[in-house]
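Here's the letter readout for the chains.
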Amino acid sequence: MPMNTRPVTGELDGLLAFLDHQREAVRYACFGLTDEQARVAPAASPLSLGGLVKHLTWGERNWLARIEGHPVPGDADPSAALAGYLATFQLTDQETLAGALADYEAAAAKTNAGPRIHADLDRKVPLPPAPWNPDPDGCTVRWILLHLIEETARHAGHADLLREALDGGLSGPLMAAAEGWPADGWVTPWQPPP
């Protein structure tokens, strides 16, 4: 059933499958939106669906850089890191939702490939000392993948609420519309409001 994660063949495959499933939920929440709708922040915060996609992309790139041992922008300058982080929550007038989703898909593909190359889930990944990081000397590839699942799932829930606030679109009907399901009595595919 497409609403559930596919069967898995091992721990790494399972981690990546559950991460992919949460990414799909975010993409489905964006289905059928215009760029203008993707920029709307319907809650009290400035968070928009387009910004949420940008933020998830930023997070995946930063965590993959850590897995691969590359420097992460902002590690040397925490104030620059905070400014960069806050900028990820908004889709600017120069950005499109399609572009943000394509960028997210590209980042996801690299994230999925990275741990397969560095398949030792117990390998330590050094982190800079920061109040939001776990033990800087005890982080592993496994922890990072679990964290990405956690973050993506949290934001997939935000995406569902943001989308519902925009036009009433719900996750099941959006998924059905995105995947081209017929109306079957269980789920009626979403259609744009008249």
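Residues numbered from 1 in each chain as written. Predicted model: local features only at pLDDT ≥ 70, side-chain atom pairs only at ≥ 80, totals over all residues. Heavy atoms only, no water.

Draft legend 1. Looking closely at the packing of aromatic side chains. Following the criterion strictly, the structure yields four aromatic pairs and no others. Residues Y85 and F89 carry aromatic rings whose centres are separated by 5.2 Å and whose planes lie at 85° to one another, so their mutual orientation is edge-to-face. Residue classification places F89 among the buried positions, given a relative accessible area of 15%. Counting every residue linked through ring pairs, the aromatic cluster contains W58, Y85 and F89. Here R66 stacks its cationic end above the ring of W63, 6.0 Å away from the centre of that ring. The positively charged end of R163 is found above the aromatic ring belonging to W190, 4.8 Å away from the centroid. (Phe/Tyr/Trp six-rings, centres within 6.5 Å; stacked < 30°, edge-to-face > 60°. Buried < 20%, exposed > 50% of the residue type's maximum accessible area, 1.4 Å probe, protein only. Lys NZ or Arg CZ within 6 Å of the ring centre and 35° of its normal.)

Draft legend 2. Representation of the nonpolar core. Core analysis: the biggest nonpolar cluster contains 19 residues, and V26, C30, L49, V53 and L97 have the highest contact counts within it. Those elements that provide at least two residues to this core are α1 (11-29), α3 (49-68), α5 (97-117) and α6 (141-167). With sequence-adjacent residues up to four places away left out, V53 is seen in contact with V26, C30, A100, L101 and Y104. (Core = buried A, V, L, I, M, F, W, Y, C linked by side-chain atoms within 4.5 Å. Helix = DSSP H or I, 4+ residues; strand = E, 2+ residues; numbered from the N terminus. Contact = heavy atoms within 4.5 Å.)

Draft legend 3. Here's a closer look at helix α7 (residues 171-179). Among the residues of α7, G172, L174, M175, A176 and A177 are the ones counted as buried. Those residues of α7 that are buried lie in contact with α1 and α6. One or two residues past the end of α7 sits G180, with phi positive at roughly 75°.

Draft legend 4. Focus on a nonpolar patch on the surface. Taken together, W58, L82, Y85 and L86 make up a surface patch of nonpolar side chains, about 380 Å² in accessible area. Counting residues per element, the nonpolar patch draws most heavily on helix α4 (residues 78-87), which supplies three residues. In this fold, L82 is placed in helix α4. (Patch = residues over 30% accessible without salt bridge, like charges linked within 9 Å, V, L, I, M, F, W, Y side chains within 5 Å. Areas by Shrake-Rupley, 256 points an atom, 1.4 Å probe, with all protein chains shown as cover. Salt bridge = Lys/Arg side-chain N within 4 Å of Asp/Glu carboxyl O.)

Draft legend 5. Representation of the environment of A108 within the structure. With respect to the helices and strands, A108 occurs in helix α5. Residues A108 and D20, spaced 88 residues apart in sequence, show a C-alpha to C-alpha distance of 8.0 Å. Sequence-distant contacts of A108, defined by excluding residues within four places in its chain, comprise R23 and E60.

Draft legend 6. Molecular detail of the pattern of salt bridges. By the definition in use, this model includes 12 salt bridges. For the salt bridge of R23 with D20, the shortest nitrogen-to-oxygen distance reads 2.4 Å. You can see R23 and its partner D20 sitting in helix α1, three residues apart, about one turn around the helix. Residue D20 is classed as partly exposed on the basis of its relative accessible area, which comes to 28%. The salt bridge involving D93 is made with R39; its shortest N-O contact spans 3.8 Å.

Draft legend 7. Looking closely at the packing of α1 against α5. α5 packs onto α1 with a crossing angle of 175° between their chain directions and a minimal axis gap of 11 Å. Accordingly, the angle class assigned to the pair α1 and α5 is roughly antiparallel. Here L12, D13, L16, L19, D20, R23, V26 and R27 of α1 come into contact with α5, specifically with L101, Y104, A108, T111, N112, P115 and R116. Taken together, the residues of the contact of α1 with α5 break down into eight nonpolar, two polar and five charged. (Axes fitted to C-alpha atoms, helices over the stretch in contact; angles between N-to-C directions. Parallel < 35°, antiparallel > 145°, perpendicular 65-115°, else oblique. Nonpolar A, V, L, I, M, F, W, Y, C, P; charged D, E, K, R; others polar.)

Draft legend 8. Fine view of the environment of T140. Along the chain, T140 falls in the loop between α5 and α6. Expressed as a C-alpha distance, the spacing of T140 and P126, which sit 14 residues apart in the sequence, is 8.2 Å. Here T140 is in contact with L121, D122, R123, K124 and V125, once residues within four sequence places are set aside.

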